[in-house]
Amino acid sequence: MSKVFRSIEPVLRGLHLEALAQKMVPENTTAKYLIALLTTHSAGFQWDHIFSLIAGLLGVLFVYMVVKLGLHLQKTRNDTPLKDVPGPWLASCSPLYRFWYAVVKGNFHNDLTNLHRKYGNVVRIAPNEVSIWDPLVTREIYAHGDKGYPKCDMYDIALPNGYFNLAVERDIQTHAEGRRAIAKDYSMTATLTAEAHFDNVIGDFILALDRNFAQSGRVCDFTTWSEYFTYDMITDLVFGEAYGFCRTGIDVDGSLKDLRQMLLLSPFLSYLPWIWPITQNRWVKETGMNHYARVCHTPILKRLNHGNVSGRLDLLDGLLKSRYRDGHALPMGEIVNHAYIFILAAPDTASVALRALLINLVRNRDVYNAVMDELTGLKLSNPATWKELADAPLLHAIVKETLRLHPPAGFNLPRAVPAGGRTICGYYLPEGTTVGMSAWCVHANENFWGKDTLEFKPERWLDPESAFKLDRYGLNFGQGARACLGKNIAMVQLVKVAAQILLNFEFELVDEHKIRGLFLLLVVLDGVKVSFKRRVGGPLDDTVEMEGAKF
Ligand code: HEM
């Protein structure tokens with residue numbers, strides 16, 4: 001290094017720095033000293049002095065910064081009533097802790113459970129955020145009406161366009177009114193009016209699995225195909241027309257690629273909100289977000305321009321006909337937001353659940369055999385109707401148990417502590433504290449549910465008392481005023497498709513060791529490969545020719 005300085009020495013001299021320094025900063029003796037050192041005529045040992053000085057200054061600067069940072073972290077940690085809430089030191093004074101576990105490591109759903117096992121019911125997971133483990137507290141935080149806590153600013157990442165957005169709205173009253181305007185179309189009765197459409201999409205899916213995999217013996221990338229199915233299902237229910245993944249067997253328009261891009265971005269945006277401006281960046285807009293806007297805008301425009309040609313009462317039709325209590329219609333921006341949230345909220349959650357369901361059945365052959373006995377013992381139509389499947393309680397229990405053990409939503413449903421603050425599990429949380437509960441943690445709480453809570457035991461849903469408790473304190477669909485609007489759609493879809501898969505195919509996991517859960521706010525299941533075989537005596541066996549089936 002000193003060689004470099006020596007080589008530029010003549011240049012420095014040529015610049016007449018000493019004179020310059022005197023002109024510019026006549027009173028600054030430190031500057032004069034430094035310049036004098038730099039412009040001195042004798043080389044050699046003076047350079048060493050300069051190095052020592054620079055190193056010394058850097059050292060002082062470093063110590064200063066470390067002390068300053070330490071004081072800042074201590075202040076962040078202690079200048080709040082949250083200082084007594086237990087948790088990892090780094091988490092209490094910096095967002096970096098959560099960033100590391102949630103964004104980089106991608107196993108936050110399990111890591112958070114372990115934090116609760118170590119620290120108890122209340123854990124500080126970020127400077128202004130705590131996580132709660134006690135299932136009883138779900139009744140407080142996620143209560144109905146004014147009693148529930150409002151959503152916090154993390155939800156703002158869901159691209160507000162200035163219009164009411166059901167999933168994001170923070171004001172309790174505004175949310176309640178907006179939800180009331182559309183809620184009737186999502187009741188179980190309304191959902192079942194579309195049962196024939198569920199059947200059509202499920203039929204396409206079953207035939208595609210048969211044609212592409214069962215007949216040829218090829219291994220099915222079930223991660224992708226379960227998404228094909230759920231994406232087709234939601235586009236069909238909302239816009240009256242499936243996007244066509246199952247029929248074409250391809251990622252239409254690159255939709256799934258874009259969906260994954262958005263999922264990969266979502267933990268960044270949620271846990272590092274200052275990154276938000278990059279979402280305005282053209283590159284990001286060109287990815288998933290634009291695609292989603294297109295998926296929603298195109299069919300809505302088509303409907304507005306040409307009317308409801310098919311006459312089918314799909315969810316878009318419902319939105320266009322919905323009215324607020326004072327009789328006014330939903331503005332178009334709001335309808336777009338609803339459609340956008342449905343397309344975003346439905347496919348990944350339901351497809352993850354479907355993958356988890358198959359995995360559970362392969363890993364628990366006794367349960368598989370029992371549910372096959374149940375289904376084959378019933379007189380079912382092809383496809384089986386929802387009404388007929390009411391006589392298959394174990395099948396329903398399997399779906400619920402899957403959602404309990406692998407809740408697709410892995411984040412901790414954060415809320416803001418309301419005015420006046422609240423005391424939860426003995427800790428005072430001031431107003432504005434972010435507080436949340438993760439379904440993964442809550443469902444894994446052995447102290448509350450018992451030692452076997454992490455075991456796959458659908459029978460726990462068959463006992464009315466136990467089922468009541470599971471429904472009341474479980475979080476797989478959230479709770480209270482902000483509980484999932486599409487719960488009935490999800491349940492009808494999952495129960496019906498599970499029945500059709502079970503009745504039509506035998507299945508095995510391939511390369512099971514490659515399956516992994518990844519925290520992306522949702523907990524996605526990647527690497528699920530399945531080999532399907534037609535089930536002897538199943539509906540496909542009876543109705544569809546092996547050669548050149550319906551396609
Ligand atoms: C297995 C499938 C599904 C799971 C596990 C699931 C889970 C959830 C959860 C946990 C929430 C609460 C979020 C929170 O409190 O922050 C939620 C909200 C929501 N879900 Fe789902 N969901 C599923 C399917 C669907 C479907 C099919 C739709 C579409 C119709 C949908 C639409 C919504 C909407 C609109 C909200 C926001 C409700 C509000 O804030 O009022 N979900 N979902």
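This one's a predicted model, so the numbers in the text were calculated from it and none came from an experiment.

What counts as what
- Positions within a chain are numbered from 1, following the residues in the order the chain's sequence is written.
- With pLDDT at 70 or above as the cut-off, local features in this predicted model cover only qualifying residues; side-chain atom pairs require 80 or more to be listed or tallied, and sums for whole chains, interfaces and linings still use all residues.
- Note on conventions: DSSP H or I runs of at least 4 residues are helices, E runs of at least 2 residues are strands, and numbering of each starts at the N terminus.
- To sort residues by exposure, count the other C-beta atoms lying within 10 Å of each residue's C-beta; 20 or more gives buried, 12 or fewer gives exposed, and values between give partly exposed, all with C-beta atoms placed from the backbone.
- Placing C-beta atoms from the backbone, we regard two residues as in contact once those atoms come within 7 Å.
- UniProt positions are given in the numbering used here, feature names are shortened, and annotations may be inferred rather than shown by experiment.
- Whether two strands pair depends on DSSP finding at least two bridges between them.
- Nonpolar cores are identified as sets of buried Ala, Val, Leu, Ile, Met, Phe, Trp, Tyr and Cys residues joined via C-beta atoms within 7 Å.
- Where helices are involved, their axes are fitted lines through C-alpha atoms of the stretch in contact, as for all axes, and angles between N-to-C directions lie from 0 to 180°.
- Any angle from 65 to 115 degrees is called roughly perpendicular, while one under 35 is roughly parallel, one over 145 is roughly antiparallel, and all others are oblique.
- Less than a right angle of anticlockwise turn of the near helix away from the far helix marks a crossing as left-handed, whereas a clockwise turn marks it as right-handed.
- Note on residue categories: nonpolar means Ala, Val, Leu, Ile, Met, Phe, Trp, Tyr, Cys or Pro, charged means Asp, Glu, Lys or Arg, and polar means any other residue, Gly included.
- Here, nearness means that the C-beta atom of a residue, built from backbone geometry, sits within 6 Å of the molecule or strand in question.
- Here the expected span of a helix is defined as 1.5 Å times the quantity of residues minus one.
- Bending is quantified residue by residue as the angle between axes fitted to the seven-residue window ending at that residue and the seven-residue window starting at it.

## Remarks on the overall build of the chain
Now for step 1: Looking only at helices and strands, one finds 25 helices and eleven strands in the chain.
Now for step 2: Looking at the chain as a whole, 38% of its 551 residues are labelled buried.
Now for step 3: Intrachain contacts of the chain at a sequence separation of at least 6 include 72% that bridge at least 24 residues.

## Structural notes on the UniProt feature "binding site: heme" (unreviewed entry) in the chain
Now for step 1: In the UniProt entry, the feature "binding site: heme" (unreviewed entry) is given for C484.
Now for step 2: Relative to the helices and strands, C484 is located in the loop between α23 (464–473) and α24 (487–504).
Now for step 3: Among residues more than four places away in sequence, those in contact with C484 are F477 and G478.

## Quick look at the pairing of strand β9 (residues 516–520)
Every regular strand shows the same layout, with side chains that alternate between the two sheet faces.
Now for step 1: Inspection of the sheet shows β9 paired to strand β10 (residues 522–526) by five bridges, in the antiparallel sense. By the bridge assignment, L518 is partnered in β10 with V524.
Now for step 2: A loop of one residue connects β9 with β10, the two strands running antiparallel in sequence, and L521 in this loop sits at a positive phi of about 70°.

## Details of the nonpolar core
Now for step 1: Judged by nonpolar contacts, the single largest core of 122 residues is most densely connected at L209, A339, I343, L395, L494 and A498.
Now for step 2: Among the elements that take part in this core, helix α17 (residues 332–363) stands out by supplying 18 residues, more than any other.
Now for step 3: Setting aside anything within four residues of it in sequence, one finds A339 in contact with V238, C296, I300 and L316.

## A few points about the UniProt feature "transmembrane region" (unreviewed entry) in the chain
Now for step 1: As annotated by UniProt and renumbered to match this structure, "transmembrane region" (unreviewed entry) occupies residues 49–67.
Now for step 2: In this annotation, residues 49–67 is assigned 100% helix and 0% strand; the end-to-end C-alpha distance for the span is 27 Å.

## Thoughts on the packing of helix α12 (residues 222–239) against α17
Now for step 1: The geometry of α12 relative to α17 is characterised by a closest axis approach of 8 Å and an angle of 140° between their N-to-C directions. Between α12 and α17, the angle is such that the two are oblique. For the pair α12 and α17, the sense of crossing is right-handed. Contact residues: F222, T223, S226, E227, F229, T230, Y231, I234, T235 and V238 in α12; A339, F342, I343, A346, P347, A350, S351, L354, R355 and L358 in α17.
Now for step 2: Class assignment of the residues belonging to the contact of α12 with α17 gives a composition of 13 nonpolar, five polar and two charged.

## Looking at the environment of S351
Now for step 1: Assignment of secondary structure puts S351 in helix α17.
Now for step 2: By the C-beta count within 10 Å, which is 28 here, S351 ends up buried.
Now for step 3: For the pair formed by S351 and A490, sequence separation is 139 residues and the distance between their alpha carbons is 9.9 Å.
Now for step 4: Apart from residues no more than four positions distant in its own chain, S351 is found in contact with S226, E227, F229 and T230.

## Some words on the sheet that holds strand β2 (residues 129–132)
Pairing between the strands of a sheet comes from backbone hydrogen bonds, and it takes one of two forms, parallel or antiparallel.
Now for step 1: Across the sheet, which stays open at both edges, the four strands sit in the order β1-β2-β7-β4 with mixed pairing between neighbours. Looking at which strands have only one partner, the edges of the open sheet turn out to be β1 (122–126) and β4 (415–416).

## Digging into the site of the ligand
Now for step 1: Contacts to the ligand come from 22 residues, most closely from A346, T349, G478, C484 and G486.
Now for step 2: Looking at the shell around the ligand, the elements that each hand over two or more residues are α17 and α24.
Now for step 3: Ranked by the residues each element gives to the shell around the ligand, the list is headed by α17, at seven residues.
Now for step 4: Looking at the shell around the ligand residue by residue, the class counts come to 16 nonpolar, four polar and two charged.

## Observations concerning the sheet that holds strand β11 (residues 529–534)
Now for step 1: One open sheet holds the three strands; their spatial order is β3-β11-β8, and the pairing between them is antiparallel. Of all strands in the sheet, those bounded by a partner on one side alone are β3 (220–221) and β8 (505–510).
Now for step 2: Inspection of the sheet shows β3 paired to β11 by two bridges, in the antiparallel sense. Residue pairing in the sheet places D221 in a bridge with K529 of β11.

## Notes on helix α14 (residues 255–271)
Now for step 1: With 17 residues, α14 extends 25 Å from end C-alpha to end C-alpha; this agrees with the ideal 24 Å at 1.5 Å per step.
Now for step 2: Of all bends in α14, the biggest is about 30°, found at L265, and the proline P267 comes one to four residues later.
Now for step 3: Of the positions making up α14, those classed as buried are S255, L256, D258, L259, P267, L269, S270 and Y271.

## Considering unusual backbone geometry
Now for step 1: Residue P383 is reached from N382 by a cis peptide bond, and omega for that bond is 0°.
Now for step 2: Inspection of the secondary structure puts P383 in the loop between α18 (365–376) and α19 (386–389).
Now for step 3: Of note, the phi angle at C425 is positive, near 50°, even though the residue is not glycine.
Now for step 4: Position of C425 relative to the elements: it lies in the loop between β5 (422–424) and β6 (427–429).
Now for step 5: Residue C425 is classed as partly exposed on the basis of its C-beta count, with 16 C-beta atoms lying within 10 Å.

## Observations concerning the packing of helix α20 (residues 393–405) against α24
Now for step 1: Running from N to C, α20 and α24 point in directions that differ by 120°, and their axes come no closer than 10 Å. By the angle between their axes, α20 is oblique relative to α24. The crossing of α20 and α24 is right-handed. Each of L395, H396 and V399 in α20 lies in contact with α24, whose residues at this interface are M491, L494, V495, A498 and A499.
Now for step 2: Class assignment of the residues belonging to the contact of α20 with α24 gives a composition of seven nonpolar, one polar and no charged.

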